[in-house]
Amino acid sequence: MGFMSLSETGIVPGDSPAPETPQSPATVTAPAEEGDRGTARNGQPRVELPADRYLDREESWVLFNKRVLELAEDDQVPLLERVRFLAIFASNLDEFFMVRVAGLVRRMAAGFPVNIPSGYTPAELLQRTLTKSDALATRHAAAFADLIRPELARHDIEVLRWKELTGAERAELAELFRNQIYPVLTPLVVDPAHPFPFISGLSLNLAVALTDPATGLRLFARVKVPPSLPRFLNVNRYRYVPIEDVIAAHLNQLFGGMDIDEHYVFRVTRVRELEVDEDVTENLLQAMERELVKRRFEPAVRLEVEQDMSQNVLRRLARELSVDDNAVYRLPGPLDLTGLNAIADLPIPELRYPQFIPNAKAVPTDTSIFRALDERYILVHHPYDSFTTTVQRMVEEAAADPRVLAIKQTLYRTSGQSPIVDALIDAAEAGKQVVVVVEIKARFDERANIAWARKLEEAGCHVVYGFVGMKTHAKLMLIVRQEPDGTLRRYCHIGTGNYHPTTARLYEDFGLLTADVRVGEDVTDLFNHLTGYSRKSGYRRLLVAPEALRAGIVGRIGRQAARARAGKPAKIAFKCNSLVDEVVIDALYRASLVGVPIEIWVRGMCALKPGVPGLSDNIAVRSVLGRFLEHSRIYAFGTGEPDPNPQPGEDPDAGNEVWLGSADMMHRNLDRRVESLVRVADQAHCTRLRELIALGMDRGTSSWWLDGAGTWTRHARDESGAPLLDVQESLIMDKSRGRLPDAN
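Residues numbered from 1 in each chain as written. Predicted model: local features only at pLDDT ≥ 70, side-chain atom pairs only at ≥ 80, totals over all residues. Heavy atoms only, no water.

Here we look at the pattern of salt bridges
Turning to step 1, where the next piece is worked out: Counted under the stated rule, the structure contains 45 salt bridges.
Turning to step 2, where the next piece is worked out: Residues Glu-175 and Arg-178 are paired through a salt bridge, measuring 2.4 Å at the closest nitrogen-oxygen approach. One end of the pair is Glu-175 and the other is Arg-178, both in helix H4 (residues 167–181) and three residues apart, which spans about a single turn.
Turning to step 3, where the next piece is worked out: We classify Arg-178 as partly exposed; its relative accessible area is 42%.
Turning to step 4, where the next piece is worked out: For Asp-671, the salt bridge identified is with Arg-550, shortest N-O distance 2.7 Å. Highlighted residues: Asp-671 in helix H17 (residues 667–671) and Arg-550 in helix H15 (residues 549–565), separated in sequence by 121 residues.
Turning to step 5, where the next piece is worked out: Residue Arg-550 is classed as buried on the basis of its relative accessible area, which comes to 16%.
Turning to step 6, where the next piece is worked out: A single salt-bridge network, built from bridges that share partners, covers Asp-94, Arg-231, Glu-244, Arg-267, Arg-302, Glu-304 and Asp-336. (Salt bridge = Lys/Arg side-chain N within 4 Å of Asp/Glu carboxyl O. Helix = DSSP H or I, 4+ residues; strand = E, 2+ residues; numbered from the N terminus. Buried < 20%, exposed > 50% of the residue type's maximum accessible area, 1.4 Å probe, protein only.)

Right, here's the structure in full:
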């Protein structure tokens, strides 16, 4: 699915960054390129880059969510998938406010410096972000009301309001209210003895204005919609009504003897960042649990209200919640369209993407996975290649194999019923050494990861929580197996995605399975770094953040620039989720200035301005969103072809490298996370990865194109009006699994 989070929500979810303080744009340089006294290392004059060379990352994220909304508006997308994209948009926007907007507001309120490379002041950026988000939220509501809801009705799927129901349906819902809704409602009145109640984040509420007919006293009350009940109640086969409509129709039962003057629905978004002082915390697990409880009481950063809410009620809510006027969004109901996921799940095949069966033969089925890896590298591409028969099988086979002595693995996110965790527990109970690095600070998965950590510890696994002040985001697995002659062999998986069987069917990711000795040594060293006090920073086939990953990428960009200056073949091609790191962007600008062709396939945020004359003429940026969330990170250097005129003693393939792994080009990934990229050694795999990026960048492929002004333009049809190539559908249709469909 084409969403961010949500994360990873989203939605992928997932990937929204924490507040950052990047280097000042005026001081950012590309280390591999810059020398002293205004010269580059090749002795050429140093080129000054313009001060306004970055797009704003917050606005770039808002435009990413706009692309998600455009999929919901596209009548060529199956109807229930359009409903899904509406829900994804809503979930994405919730996360954006809980993390990005909240982070900016908190830093401004605390008086911390907020360095914004795009050049806006914090107040300007906040105002622009709120205004653009408001416009998109209004467009989102209109898409539901004017496009999706009528189209659903044409297929006998109806989302109705109370007044549209039949008498029989209202009677049935009245019975439902008495038996299942009324008992769990708690109306809270506000008077001198009852202060304004706390409104939890993302909860749906009714604001009710009352009058006591006996005294004429006017009162205010709040009724919380129970989150345990369905967002849309099923009235009949495919007829639904928002639950708040049912509650509103029966308010007289909650406030007996009172006159109901007004009632409106509202929703609050609160800060969702956790703050744990790891320097003074002895037990990180317990500290995280305390913070999760405290998080419910964080400040409000957005107030959504029904469009017709009276000014009196709105003023009271805004005052009591301390919400800025600019963060109040008036929208047509129903609010909180994340609940549309239940409708998107309806079992109507003709209104959904066609089902497909992932390839189950990426790993030979007639032999042990370890024997297969003794013979060759295996590159798997999810969801086109089955996660179950590759990565999951590797863990399960290791747990059952008596020759396996140890399994070490990172866990950032996994599923509720996790066969990966079950296999690790089986391995520990069988007497194998099992080490699991669990990231309990993975945003929105903290509770689940705490539960998994406890379960793993109880089974006898060694559970480690990574480094103080840093998240472990690397996707790594190491299996140590004893051969019949007594020697030990290491088998590794290095991936771009989480060990999560559910999202592996929705997220596009790569994984490299290998018994390469050098990779095994590197992964062993990295796990020792994670679990002990090793200060290892140099690796053979890995680039690891925060020590060396940025420098490794920038250095390779610089080498391509040097090749271009020397008249040698040069090229750079990235596929990633986000590109906002100023040092990397500046290195790409400098490479473009000397003629290196650069292709960037980015899903979400991009702060680089492509196609700007005299700055980025040789850089193209594309974005692909669709059925699956494009989640893989690939960094390719060189053309892939041998140098036709190498210098004496020079390797003709010296300029060609392809790397894949967990890291995006963002400050948090490069500075505050443990990330890893692995160099792909098999040339056929390198070719496959280069061809994938080329396919995404091809003019005949459906995608969004970014220009130097920060505008994304969708290119989905050719000049005759025919649909352009859909990368994801093409990969689904490719049955061979050994090649990519030809670009147009």
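Let us keep going from here.
Regarding the packing of aromatic side chains
Turning to step 1, where the next piece is worked out: Taken as a whole and judged by the stated rule, the model has 11 aromatic pairs.
Turning to step 2, where the next piece is worked out: Between the aromatic rings of Trp-61 and Phe-64, the centroid separation amounts to 6.1 Å while the plane-to-plane angle is 65°, which identifies the pairing as edge-to-face. Taken together, the residues span about one helical turn, with Trp-61 and Phe-64 both in helix H1 (residues 57–73) at a distance of three residues. Phe-64 matches Trp-61 in its accessibility class, with the two residues each being buried.
Turning to step 3, where the next piece is worked out: One aromatic cluster is present, built from ring pairs that chain together Trp-61, Phe-64, Phe-96, Phe-97 and Tyr-329. (Phe/Tyr/Trp six-rings, centres within 6.5 Å; stacked < 30°, edge-to-face > 60°.)

Some remarks on the pairing of strand E9 (residues 328–331)
Within a regular beta strand, the side chains point alternately toward one face of the sheet and then the other, so they alternate between its two faces.
Turning to step 1, where the next piece is worked out: Relative to E9, strand E8 (residues 300–306) runs parallel, the two being bridged by four bridges. Across the sheet, residue Glu-306 finds its bridge partner in E9, namely Leu-331.
Turning to step 2, where the next piece is worked out: Between the parallel pair E8 and E9, the chain is carried across by helix H8 (residues 311–321), and the sense of this crossover is right-handed. (Pairing = 2+ DSSP bridges. Right-handed = clockwise from strand over helix to strand, strands pointing away.)

Nothing here speaks to function; it is geometry throughout.
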